[in-house]
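Listed here are the chains, written in short residue letters.
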Amino acid sequence: MNTELQFWRAMTGYAVARAHAQRARAKQGRTELGASALEWAIISAILVAAALAIGLVVRRVIDKRTGEIENG
């Protein structure tokens, strides 16, 4: 079976499974699919802050080590 056909079969299976899951949630009275836009914004802000903090630490370590080599 060629790659494109395998891809389309997998995507069709995923769509069918997702539709089935959505119907099951609707029967239980739960219609939300995931995080709201506000939740995504908060998560993104936390990840950006963590990345900046890690970047600053790495930069300070690199600057400190290169300063030691130059002054050596």
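It should be emphasised that the depicted structure is a prediction, and the values quoted were computed from it without experimental measurement.

Draft legend 1. Spatial organisation of helix α1 (residues 3-27). For α1, with 25 residues, the first-to-last C-alpha span of 36 Å sits near the 36 Å given by 1.5 Å per residue. Phi for Gly29, located one or two positions after α1, is positive at around 90 degrees.

Draft legend 2. A look at the UniProt feature "transmembrane region" (unreviewed entry) in the protein. The positions UniProt marks with the feature "transmembrane region" (unreviewed entry) are residues 40-58. In residues 40-58, the share of helix is 100% and the share of strand is 0%. The end C-alpha atoms are 27 Å apart.

Draft legend 3. Summary view of the pattern of salt bridges. With the rule as written, the count across this model stands at one salt bridge. A salt bridge links Arg59 to Asp63; its shortest N-O distance comes to 3.9 Å. Here Arg59 and its partner Asp63 are both found in helix α2 (residues 37-71), four residues apart, which amounts to about one turn of the helix.

Draft legend 4. Quick look at the packing of aromatic side chains. Considering all chains together, one arrives at one aromatic pair under this definition. An angle of 75 degrees between the planes, with centres 5.1 Å apart, marks the rings of Phe7 and Trp8 as edge-to-face. Among the residues examined, Trp8 registers a relative accessible area of 56% and is labelled exposed.

The rules behind these values
- Residues numbered from 1 in each chain as written.
- Predicted model: local features only at pLDDT ≥ 70, side-chain atom pairs only at ≥ 80, totals over all residues.
- Heavy atoms only, no water.
- Helix = DSSP H or I, 4+ residues; strand = E, 2+ residues; numbered from the N terminus.
- Expected span 1.5 Å × (residues − 1).
- UniProt positions renumbered as here; feature names shortened; annotations may be inferred.
- Salt bridge = Lys/Arg side-chain N within 4 Å of Asp/Glu carboxyl O.
- Phe/Tyr/Trp six-rings, centres within 6.5 Å; stacked < 30°, edge-to-face > 60°.
- Buried < 20%, exposed > 50% of the residue type's maximum accessible area, 1.4 Å probe, protein only.

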